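Take a look at the letters that make up each chain.
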Amino acid sequence: MKNEGKSAQRPDNTAFTQQRLPAWQPILSAGIVIPGFLIIGLAFIGIGIGLFLTSQTIQVQEMDYTGVEKDSPCFRCTIPSNLNCTCEVTFSLSTLFTGPVFFYYGLSNYYQNFRRYGVSKDYNQLTGDTRYFKSRSPEEDCSPYSYDSNNNPIVPCGAIANSIFNDTFELYQIINGTKKQVPLDGRGISWWTDYNIKYRNPSPVNGSLAKAFDGTVKPINWPRPAYELDLTDPNNNGFLNQDFLVWMRRAALPQFRKLYRRITDGDYAAGLPAGNYSLTVHYNYPVLSFDGRKKVVFSNVSWMGGKNNFLGLAYLVVGSLCVVMSVVMLVVYAKFKFSDDDDA
Amino acid sequence: IYVVFFYFISSEERHLRANDREYNLSFMYANNAIKTSKYNVFTFLPLNLFEQFQRLANAYFVFLLILQLIPQISSLSWFTTVVPLLLVLSITLAKDLSDDITRHKNDKHVNNRKVEVLINGELKSEKWMNVQVGDIVKLENNEFVTADLLLLSSSEPLNLIYIETAELDGLVTETLIKYTISILYISGEVRCEPPNNRLDKFTGTLTVRGETFALDNERILLRGCTLRNTEWCFGLVVFGGPDTKLMQNSGKSIFKRTSIDHLMNFLVMFIFGFLAFLCAILSIGNGIWEYQEGNSFITFLPRADGANASLSAFLTFWSYVIILNTVVPISLYVSVEILRLGNSYFIDWDCKMYHVKSNTPAQARTTTLNEELGQIKYIFSDKTGTLTQNIMTFNRCSINGKSYGKKKIDFSWNSLADSKFCFHDHKLVEAVKSGSPEVRAFFRLLALCHTVMAEEKTEGELFYQAQSPDEGALVTAARNFGFVFRSRTPETISLVEMGVPTTYELLAVLDFNNVRKRMSVIVRNPEGKLTLYCKGADTIIFERLHPLSSKLMEVTTEHLNEYAGEGLRTLALAYKDLDEDKFEEWKERHHEASTSLEDREAKLDAIYEEIEKDLLLLGASAVEDKLQDGVPQTIEQLAKADIKIWVLTGDKQETAENIGYSCNMLREEMKEIFIVASNTAEEVREELVNARKKMSPESGDEPPIEKSRFLGKKSQVVEDEKVNGEYGLVINGHSLAFALQKDMQLELLRTACMCQAVICCRVTPLQKAQVVELVKKHKKAVTLAIGDGANDVSMIKTAHIGVGISGQEGMQAVLSSDFSFAQFRYLQRLLLVHGRWSYLRMCKFLRYFFYKNFTFTFVHFWYAFFCGFSAQTVYDEWFITLYNLIYAALPVIGLSLFDQDVNDRWSFQYPQLYAPGQLNQYFSKMAFARILLHSCYSSLILFFVPWAAMCDTVRDDGKDIADYQSFALLAQTCLLIVVSVQLGLDTYYWTAVSQFFLWGSLSVYFAVTFTMYSNGMYLIFTSSFPFIGTARNSLNQPNIWLTIFLTTILCILPVVAKRFLFIQLKPTINDKVGSTPRKVPRRRISTRRSGYAFSHARGYGDLVTSGRFLRIPVKTRSALFPHTDTTLYLYKKNM
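Residues numbered from 1 in each chain as written. Chains lettered and ligands numbered in written order. Predicted model: local features only at pLDDT ≥ 70, side-chain atom pairs only at ≥ 80, totals over all residues. Heavy atoms only, no water.

1. Some thoughts on the overall build of chain B
A tally of helices and strands in chain B yields 39 helices and 36 strands. At a minimum sequence separation of 6, the contacts of chain B that also span at least 24 residues come to 75%. (Helix = DSSP H or I, 4+ residues; strand = E, 2+ residues; numbered from the N terminus. Contact = heavy atoms within 4.5 Å.)

2. Some words on the sheet that holds strand β8 (residues 256-263) of chain A
Residue and element names in this part refer to chain A. Reading across from one edge, β2-β11-β5-β8 is the order of the four strands in this open sheet, with antiparallel pairing throughout. The open sheet has two edge strands, β2 (60-64) and β8, and neither has a second partner. Pairs of neighbouring strands in the sheet enclose a mean axial angle of 20°, with direction left out of account. (Pairing = 2+ DSSP bridges. Axes fitted to C-alpha atoms, helices over the stretch in contact; angles between N-to-C directions.)

3. A short note on the UniProt feature "transmembrane region" (unreviewed entry) in chain A
Per the UniProt entry, the sites bearing "transmembrane region" (unreviewed entry) are residues 27-53 and 313-334 of chain A in this numbering. Its end C-alpha atoms 38 Å apart, residues 27-53 of chain A is made of 89% helix and 0% strand. (UniProt positions renumbered as here; feature names shortened; annotations may be inferred.)

4. A word on a nonpolar patch on the surface
Taken together, the side chains of Phe 277, Ile 281 and Phe 865 of chain B make up a nonpolar region of the molecular surface, amounting to roughly 270 Å² of accessible area. Of note, Phe 277 of chain B is situated in helix α8 (residues 259-297). (Patch = residues over 30% accessible without salt bridge, like charges linked within 9 Å, V, L, I, M, F, W, Y side chains within 5 Å. Areas by Shrake-Rupley, 256 points an atom, 1.4 Å probe, with all protein chains shown as cover. Salt bridge = Lys/Arg side-chain N within 4 Å of Asp/Glu carboxyl O.)

5. Observations regarding the interface of chain A and chain B
Taken together, the contact between chain A and chain B spans 98 residues of the former and 109 residues of the latter. A buried area of about 9,000 Å², summed over both sides, lies between chain A and chain B, and 63% of it is on carbon and sulfur atoms. By the criterion of area lost to chain B, the three top residues of chain A are Gln 19, Arg 115 and Trp 191 of chain A, representing 10% of everything that side buries. Here chain A is connected to chain B by four salt bridges. (Buried area = accessible area lost by both parts, 1.4 Å probe.)

6. Some details on the pattern of salt bridges
All names here are of chain B. Throughout the structure, instances matching the rule amount to 52 salt bridges over all chains. Salt-bridge contacts for Asp 243 lead to Arg 14; the nearest nitrogen and oxygen are separated by 2.7 Å. Note that Asp 243 is positioned in the loop between β13 (232-239) and α7 (245-249) and Arg 14 in strand β1 (residues 14-17), a separation of 229 residues in sequence. What makes Asp 243 buried here is its relative accessible area of 13%. Among the residues examined, Arg 14 registers a relative accessible area of 3% and is labelled buried. Between Arg 21 and Asp 135 there is a salt bridge, and its shortest N-O distance comes to 2.6 Å. Separated by 114 residues along the polypeptide, Arg 21 in helix α2 (residues 21-25) and Asp 135 in the loop between β3 (122-127) and β4 (136-140) bring together distant segments of the chain. Judged by relative accessible area, which is 30%, Arg 21 ranks as partly exposed. Overlapping salt bridges bring together Arg 257, Asp 261, Glu 337, Arg 340 and Glu 371 as one network. (Buried < 20%, exposed > 50% of the residue type's maximum accessible area, 1.4 Å probe, protein only.)

7. Focus on the UniProt feature "domain: P-type ATPase C-terminal" (unreviewed entry) in chain B
UniProt tags residues 814-1067 of chain B as "domain: P-type ATPase C-terminal" (unreviewed entry). Helix and strand shares over residues 814-1067 of chain B are 71% and 2% respectively, and the end C-alpha atoms of the span are 41 Å apart.

8. Some points on the packing of helix α27 (residues 877-887) of chain B against helix α33 (residues 992-1012) of chain B
Residues and elements named next belong to chain B. Two numbers describe how α27 lies on α33: the axes approach to 11 Å, and their chain directions differ by 155°. It follows from the interaxial angle that α27 and α33 lie roughly antiparallel. Where α27 crosses over α33, the two elements pack in a sense that is right-handed. Every residue of α33 that contacts α27 at Trp 878, Phe 879, Leu 882, Ile 886 and Tyr 887 is listed here: Ser 1001, Val 1004, Tyr 1005, Val 1008, Thr 1009 and Met 1012. (Parallel < 35°, antiparallel > 145°, perpendicular 65-115°, else oblique. Left-handed = near helix turned anticlockwise from the far one by under 90°.)

9. Considerations on the state of the cysteines
Tallying each qualifying case throughout the model produces three disulfides over all chains. Note on cysteine connectivity: Cys 74 of chain A is disulfide-linked to Cys 87 of chain A, with sulfurs 1.9 Å apart. Classification of the bridge connecting Cys 74 of chain A and Cys 87 of chain A rests on its S-S torsion, roughly 80°, and on that basis the disulfide is right-handed. In this pair, Cys 74 of chain A sits in the loop between β2 and β3 (85-93) while Cys 87 of chain A sits in strand β3, placing the two residues 13 residues apart along the sequence. We classify Cys 74 of chain A as buried; its relative accessible area is 1%. For chain A, the disulfide bridges join cysteines in the arrangement 1-4, 2-3, 5-6, where the cysteines are counted in sequence order. Not engaged in a disulfide, the cysteine Cys 753 of chain B finds its nearest cysteine sulfur in Cys 755 of chain B; these two sulfurs lie 8.8 Å apart. Cys 279 of chain B provides the cysteine sulfur closest to Cys 867 of chain B, a residue in no disulfide bond, and the two sulfurs are 13 Å apart. (Disulfide = S-S within 2.5 Å.)

10. A look at the environment of Val 155 of chain A
Residues and elements named next belong to chain A. Position of Val 155 relative to the elements: it lies in the loop between α4 (131-134) and α5 (159-162). Given the relative accessible area of 2%, Val 155 is considered buried. In sequence terms Val 155 and Phe 213 are 58 residues apart; their C-alpha atoms lie 7.7 Å from each other. When neighbours within four sequence positions are excluded, Val 155 is seen to be in contact with Gln 125, Phe 133, Phe 213, Thr 216, Val 217, Lys 218, Pro 219 and Phe 239.

11. Details of the nonpolar core
If you look at the biggest cluster of nonpolar residues, it comprises 206 residues, and the most contacted ones within it are Phe 169, Trp 247, Leu 272 and Phe 298 of chain A together with Leu 846, Phe 850 and Tyr 863 of chain B. Top contributing element to this core by residue count: helix α26 (residues 826-864) of chain B, with 18 residues. Ignoring sequence-local partners within four residues, the contact set of Trp 247 of chain A consists of Tyr 105, Leu 107, Tyr 110, Gln 112, Tyr 117, Ile 160, Ser 163, Ile 164, Phe 165, Phe 256, Lys 258 and Tyr 285 of chain A. Counting residues in each nonpolar core, the second largest holds 45 residues, with Val 429, Val 523, Tyr 533 and Leu 571 of chain B among its members. (Core = buried A, V, L, I, M, F, W, Y, C linked by side-chain atoms within 4.5 Å.)

12. Describing a negative patch on the surface
Together, Asp 579, Asp 581, Glu 584, Glu 588 and Glu 592 of chain B give the surface a local cluster of negative charge. In this structure, Asp 581 of chain B sits in helix α16 (residues 580-595). (Lys, Arg positive; Asp, Glu negative; His and termini not counted. Charge placed at Lys NZ, Arg CZ, Asp CG, Glu CD.)

13. Focus on the side chain of Asn 370 of chain B
Residue and element names in this part refer to chain B. The residue Asn 370 is located in the loop between β14 (363-364) and β15 (376-381) in this model. Of the residues examined, Asn 370 reaches a relative accessible area of 1% and is grouped as buried. Ignoring anything within four residues of it in the chain, the contact list for Asn 370 reads Arg 340, Asn 343, Ser 344, Ile 347, Phe 819, Gly 835 and Ser 838.

14. Some words on unusual backbone geometry
Going from Val 155 of chain A to Pro 156 of chain A, the amide bond is cis rather than trans, its omega being -10°. Of note, Pro 156 of chain A is situated in the loop between α4 and α5. A positive phi angle, close to 60°, is found at Met 28 of chain B, a residue other than glycine. Note that Met 28 of chain B resides in the loop between α2 and α3 (44-53). A positive phi angle, close to 55°, is found at Asn 359 of chain B, a residue other than glycine. With respect to the helices and strands, the residue Asn 359 of chain B is situated in the loop between α10 (331-349) and β14. Asn 359 of chain B sits in the buried class, given a relative accessible area of 14%.

Here you go:
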């Protein structure tokens, strides 16, 4: 029942129960805030300058080849009946484009982040698990690219895979009127984790990858099945095709660019020398129907990645604002410091 | 007719026969087994879940879950809802389960206790649960009372028993109960009231061998008590198990809600509307997008349902309801409960609110009202036992027109004196010693006319058991002056009169009650002379005096005025010699009246009235009751915190006024103290209006009423009016009764609320509640009622917050209170420290909680414009699941449990710091709107800075980084860091615990993120963790971290700048106090007058006369002694 004893009910006298925990009470005093703003402001300006200058050193060569304008080289390819259309985009570099040069293709107004587009894939299938080739894992939704009209299972299923970007490019340097092909390196353009862990090919049946895909059909928009994506390199096929991997990493925003190739080999290891270039485009990918745009981008990178002036400018602006703010606060503080002593 | 009669018995009245199981069983009364548990093994899960799903929050979860199961709508995986739902459900489930297991164990333990039951004339040991109504049980010392028993006999002389009522009210109170029938093998029949929950009332009759006796509460031994100092007793089971008063009492209590609760509910409703609004915008956006672009995008994403824009918009609406559901923070309610519970524990744990003397810690009995403690505007306090100690000492007296009591005297000449007693007048001793007959009669009266019990364990060591402390004080006084009350039997009272043992025959006790306001005894002295001794309220006694006493009455009245002026509580004493014949005749009629079944009380009162007349005045006594420690300081502190204090007391006006002065409520420096004491409604109104005009000449005749309609409830709120200077108001019960009438109550409210202090005297318990209700209804203010007695219960229950003083008047106030402690002075700690902190913490919690959830959610809103309004989430689904549950849960709990802006010493030093709570400054609709804007800003930064930084950029090896998964990781990391830094900024009090929570949560975030994005998790749960490698590939990029840093700075620095500028430009009280720590000179506490109080309650009148007056009418126990108004003194003053 009851605890006898003089102070049986006395609460524990500890710092915790008595709410006397040792503590530090930060106060927004002028001595901390004003110098703090100044220091942060200066630091930001410093970082901003660094970022901006770095960003300025990055060379970018960007060309829209959608062919909207009638006089643009690829206009004729925009006519839907024109299959296997090829067009040529030329450009010239006035200075050396320092290597390694990265060759991107870019799309705008393309909603890879559309929810129902984004969920339309099957990761179980893409790990090479053949159980999910014919049946579908319950928590994934490949529709409407799960089965074709004959009810054959599509592998790889889903809208993302189906809509893979299929324009191809060849780059030539024009030296004295002759075209010299610039070697493009398509190896290792996807994330290491994607290539090595996330995506796996099914185990070949009798040494043949194609046999593993037996009983399935290719995605509707694909000209060839998955195991024949790259006819030149047998190891670049199936779910481990680099272009496929790059495409499957869907973009966050409706305007994006994806790595197509790297220019690292041969005469171009140090970069693209100044001169005239010609880009041959095998124009297959229709974007005009939804007012999309296609472009190619040549760019090199720095420690801060690709060219992006925003960060540098933002740091500069925020830093300057901080400095201005610290001055404003100093003025306000000096003006009101004495008045609040009177009426406390 | 027979059927009707039977029905009457079984439903209205309980009918049972002692020792006749067969007969009793026919009524199907509940046996003594109790069941407090709610569930059994099979019903637990379904019943508990059913209960839980009745809660709105859980039902909302289920609604979301159903939406998520529709594939066209589901924008989030099912687990985002199921995980938190399961967590909330299982926490509640676990809590309920452990509670119920405890209850089961207790039930089993209690039901299996053994007791001796008389069966067929033999005592047999039985389990409690097998005891039936009508059984006779034998209890031994220190045993628990088995059921509600009718007491039959006990081992102690006079057949008294002692009990401890611990389980009933948690305090050791020794009470006496009396025995009636000493025959064990009775075959009595009991008829009594049906089971009910009134602890202080019992009505019934006992019929033994054709004779009928009345039974009342004094004969009932309640389950839940423990037998003490009594060898054994026998009792007849009247109510068993669930029918006992204890079990009937453990029902539901009134559920109080705080103003923050109401505001929160309003805001949640608003947020629901807001959510619908956001979703509507987005679904319209979706419709437009589908119409303009989606149609064409069909090339890459054909849809089975076609490109129907309106259908798509409709589905999108629901998809966004799922995604944006985090604006309605369901975990809010759980978190609020947790932090209130935590803050309640801090109250329970507070050493500075622990009273060593009575071994009583403070107790938060209701754990849902804490923050309201920081918003109190009006305190309604009882006086006796709350402001005062309720320990009475005999201080002054007037005997035969002579006033005594100024200097300290020595009682060493009397060997039976109480050593603690002191009295300040030697003349009185002289008078006693010299044998003045009036003086002797005076003390003889005090020694005889009471219902005190004496215990003399060893020779000369007397111990008095008195129902009220003042009775004890009077008897002790008589004892010290040589009229020692030694013992009593039902028929006699033994005194030692100046050393001579004398035994008086006790013929009748005319006990005290509220209406009579007096008590009398009729005794026969050893010489055979019959005398009636009477003591009571002066006005009552004076009305019944013999004309011979009129002169003495005038002198005594003067003395009484003087005593009351000093704040003492007074009683007038009178006597009358009786005629033997007349008495015999009276006694017969008295017996008749006391056995009548109808109107017993009224008849008895009439009989009493008959004999209590033509009294001869002896004099008057004055008893003091000192203030509790620290009351003036506390009241001053509370006044400085701008809390208005109203004292509602049953005391006389002078006494109350003096108390007002001595406890610093009324102060010398007050401009004026208005006294309203009129006899007609018109006069009262006039006085109130005059007082108001004086305080504020420009105040209009019409009260400044602000009518508001809120959720269909109409409310009339009287606004505060400006007053120059401080005023006080004293109003007596008579005037209060007029003032509380419908047409005048607003007048009263206006006037009273303009005053700093209000004292209402001679107030009944009902009026107390009415006053509280009045303020509660017409003022936008939080009220607190504090009291210690049964008469305060109504007020404690009415006020927003009820505080009980666990003191001497029993525990009823505590039982119905929300907070309880032992001393009034702890109130300032409860309000100024705990209340303030709780309010601050709650408001901070709410502000931060809404901020973090809105910010979290709004980012989705902005993203919608970039993803075709497709209800694509910005963050990883797991982040959405765990954000409120893990990442951001503990830090905010830490903030709201440990934060303090100033420590307790400063809270006391600057009571002004309490004001923001009263004005609702820390959390209001305005504050909410500001949070909304702040969240809007933060979410814009949180979305558009990463958006701009990631646009068209790549990793430093040229690979992808602007992909959806990296962007999601970046956005969620930015968000979490921003809200964490914001939390640190909001925390005033950086303890190790809160820092641990903050940094711990951040590191848990990174740990969990890296784990979930690891190879292993992907290989095991492929489709659940598709974010594999994202953390590794993006968090090693400098531009990612530069973006995070930029976002954080952009979100935080404006807040810092704003706060800094506000401190300079518009400093709050906190800022001022924070910047200038300096001593404030204490206000001098007025010591001009001393404060006293007095109380009186109905005694053991029927108990001490038991043998003779078996059929004592059933009376309700009184509250304070002199209840109605005596304006006698006022007339004099006004003349």
